[in-house]
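Letter by letter, the chains look like this.
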Amino acid sequence: MSVNTAIVNQHLDEALSSPLFRKADRQARFLRYVVDAALQSPETTIKEFDIAVAVYDRRADYDPRTDPIVRVEAARLRARLREYYELTPPESVRIDIPKGQYVPRFVPVGHGHAPAVSDLSILVPPFRSLSPDPDDQNFCDGVTEEVVHKLAQDHRIRVITQSAAAWLEQREKPKPRYVLEASIRRVGAEIRLTLHLMELTGGGSTRLSNIYQATTNNIFATQERLAEEIRRDLSAALHTDNAGSECIH
Amino acid sequence: MDSNTIRYLQESVARLPVGDLAPVNEFYRRLFELAPEAQPMFKTEMDLQAKKFSDMLAWVIEHLERPHELCQELRALGARHTGYGVKIDQYAPVGSALIWMFRRTLGDRFTPEMEEAWLEFYAFASFELERGSREAAA
């Protein structure tokens, strides 16, 4: 899918004229620099060095190991964009700068397109053990960690852990759209994990309900296998497996 | 911020030499190299300033799991920054100097995961400072 340059530019102008960007001169320049580069050449690679020189007035001997200003600013810019989109939901396109790179993605939003990242927010409280053995709760905690880790690899999903939920509460962010709850029962070496994915908006309907079986013979391998099965089922339930094809560059 | 991020923040600070202000002094030295215009904003004598920064770092680490108190304190600090004339762009060299301080002091014991945790925390903290500053100016 080819990018509509005029729509992206119009969206960029609107974002940069908002109060959040008006006084953040360098971050506005950072955003415009990477967006311009991506629009001019969709296959472009943007290096930390390029941004340091073009936006932060660093010289040709700039060394990112001793001056990580671009990495600092990239993290702050991602936070500013998140805040901007939460205050001003985009109508046509949103600009994402995925972690680990500086080339932005232009993600169409609105009817018929993949949901915006914030629409796929999932609260993941610690999975519960229904047995009195404290080791079983440790096993549950391990599965929770694995699931959070695997879901977090998908940039379209915003995973919110219990501690993160407390943070969001303070920052008055929108509530997560989904909650993922699971409990584990164990008899001998056999484990049964019951999982529910519920939509918190629109009446609280259950989007996914599954039972997974495993054994405790190899704890780490079992935790990872359960987490992978859960991730796969969640992706299918949320229709994110093919959503990447909606992204345009 | 997830529990891993909090753990990496705690571990990186725990690896700094206990009771030694040398890393913080290096932080300020680096900050003033990167942003000489920031130096006149620090009116306090630098040893005392380093002690204040070190105490604040310890306080932040203690309060990572108490976000309400942490946010309130950061916003209050941001409000005070308004009076010092701090601009949004000036938060960038502070973050750079902070990461540099850990890298210089800890070497390879400052892992990429720790750097990622500090980048995430600093993005959050500087945003709260900015929010406090905006609210004070309104």
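Not measured: the values here are computed from a predicted model.

Peer 1: I'd like a rundown of the overall build of chain B, residues and numbers included.
Peer 2: Scanning chain B for helices and strands turns up six helices and zero strands. Secondary structure elements of chain B, listed N to C terminal, follow the sequence α-α-α-α-α-α. Of all 138 residues assigned to chain B, the portion counted as buried reaches 47%.

Peer 1: Explain the interface of chain A and chain B to me, and be specific about the residues and the numbers.
Peer 2: Opposite the 28 residues of chain A that make contact, chain B presents 35 residues. For the pair chain A and chain B, the summed buried area comes to about 2,600 Å², and 57% of that belongs to carbon and sulfur atoms. A salt bridge links Glu115(B) to Arg71(A); its shortest N-O distance comes to 2.5 Å. The interface formed by chain A and chain B contains eight residue pairs in polar contact (both at pLDDT 80 or more). Sort the elements by how many residues they give to the side of chain A that touches chain B and helix α5 (residues 69-87) of chain A lands first, with nine residues.

Peer 1: So what's going on with helix α1 (residues 3-14) of chain B? Which residues, and what values?
Peer 2: All names here are of chain B. For α1, with twelve residues, the first-to-last C-alpha span of 16 Å sits near the 16 Å given by 1.5 Å per residue. Listed in full, the buried residues belonging to α1 are Thr 5, Ile 6, Leu 9, Ser 12 and Val 13. Here the buried residues of α1 occupy an arc of 135° about the axis, which is enough to place them on one side.

Peer 1: Explain the side chain of Asp67(A) to me, using residue names and the numbers behind them.
Peer 2: Structurally, the position occupied by Asp67(A) is in the loop between α4 (48-55) and α5. With near-sequence residues (within four places) excluded, Asp67(A) lies in contact with Arg58(A), Tyr62(A), Arg30(B), Leu34(B) and Ser96(B).

Peer 1: Break down the packing of aromatic side chains for me, citing the residues and quoting the values.
Peer 2: Residue and element names in this part refer to chain B. A complete count under the given rule lists 15 aromatic pairs over all chains for this structure. Residues Phe 27 and Phe 53 carry aromatic rings whose centres are separated by 4.6 Å and whose planes lie at 25° to one another, so their mutual orientation is stacked. Residue Phe 27 is found in helix α2 (residues 22-34), and its partner Phe 53 is found in helix α3 (residues 46-62); the two are separated by 26 residues along the sequence. Judged by relative accessible area, Phe 27 falls into the buried class, the value being 2%. Centre to centre, the rings of Tyr 28 and Phe 42 are 5.5 Å apart; their planes meet at 75°, and the pair counts as edge-to-face. Separated by 14 residues along the polypeptide, Tyr 28 in helix α2 and Phe 42 in the loop between α2 and α3 bring together distant segments of the chain. For Phe 42, a relative accessible area of 27% corresponds to the partly exposed category. Of the aromatic side chains, those joined through ring pairs into one cluster are Phe 27, Tyr 28, Phe 32, Phe 42 and Phe 53. Note that Arg 30 overlies the ring of Trp 100, its terminal NZ or CZ placed 5.4 Å from the centroid.

Peer 1: Lay out the pattern of salt bridges in plain terms, naming residues and giving numbers.
Peer 2: If you walk through the whole model with that rule in mind, you get 33 salt bridges over all chains. The closest approach of N and O atoms between Arg59(A) and Asp61(A), which form a salt bridge, is 3.5 Å. In terms of burial, Arg59(A) and Asp61(A) fall into one category: exposed. Across the pair Arg103(B) and Glu115(B) runs a salt bridge, and its minimum N-O distance is 3.4 Å. Separated by twelve residues along the polypeptide, Arg103(B) in helix α5 (residues 91-106) and Glu115(B) in helix α6 (residues 112-137) bring together distant segments of the chain. Of the residues examined, Arg103(B) reaches a relative accessible area of 29% and is grouped as partly exposed.

Peer 1: Would you mind going over the pairing of strand β6 (residues 178-187) of chain A in detail, with residue names and values included?
Peer 2: Residues and elements named next belong to chain A. Of the strand pairs in this sheet, strand β3 (residues 121-124) and β6 are connected by two bridges, and their pairing is parallel. Within the sheet, the bridge partner assigned to Ile 122 lies in β6 and is Tyr 178. Across two bridges, strand β4 (residues 128-129) lies against β6 in parallel orientation. Within the sheet, the bridge partner assigned to Ser 129 lies in β6 and is Ile 184. Bridge count for β6 against strand β7 (residues 190-199) is ten bridges, and the pairing is antiparallel. Directly across from Val 187, in β7, lies its bridge partner Glu 190. The antiparallel pairing of β6 with β7 creates a hairpin that spans two residues between the two strands, and Gly 188 there sits at a positive phi of about 60°.

Peer 1: With reference to specific residues and values, describe the confidence of the model for chain A.
Peer 2: All names here are of chain A. With 84% of its residues at a pLDDT of 70 or more, chain A has an overall mean of 83. Of all helices and strands in chain A, the one with the weakest mean pLDDT is helix α7 (residues 162-170) (62), whereas α4 scores best (97). This model gives residues 111-118 a pLDDT under 50, and the stretch forms 16 contacts once residues within four places in sequence are excluded. Note that pLDDT drops below 50 for residues 241-249; the model gives that stretch 24 contacts with residues more than four away or on any other chain.

Definitions and cut-offs
Residues numbered from 1 in each chain as written. Chains lettered and ligands numbered in written order. Predicted model: local features only at pLDDT ≥ 70, side-chain atom pairs only at ≥ 80, totals over all residues. Heavy atoms only, no water. Helix = DSSP H or I, 4+ residues; strand = E, 2+ residues; numbered from the N terminus. Buried < 20%, exposed > 50% of the residue type's maximum accessible area, 1.4 Å probe, protein only. Contact = heavy atoms within 4.5 Å. Buried area = accessible area lost by both parts, 1.4 Å probe. Salt bridge = Lys/Arg side-chain N within 4 Å of Asp/Glu carboxyl O. Polar contact = N/O pair within 3.5 Å; in protein donor to acceptor, adjacent residues only side chain to side chain. Expected span 1.5 Å × (residues − 1). Arc of directions from axis to C-beta. Phe/Tyr/Trp six-rings, centres within 6.5 Å; stacked < 30°, edge-to-face > 60°. Lys NZ or Arg CZ within 6 Å of the ring centre and 35° of its normal. Pairing = 2+ DSSP bridges. pLDDT = per-residue confidence, 0-100.

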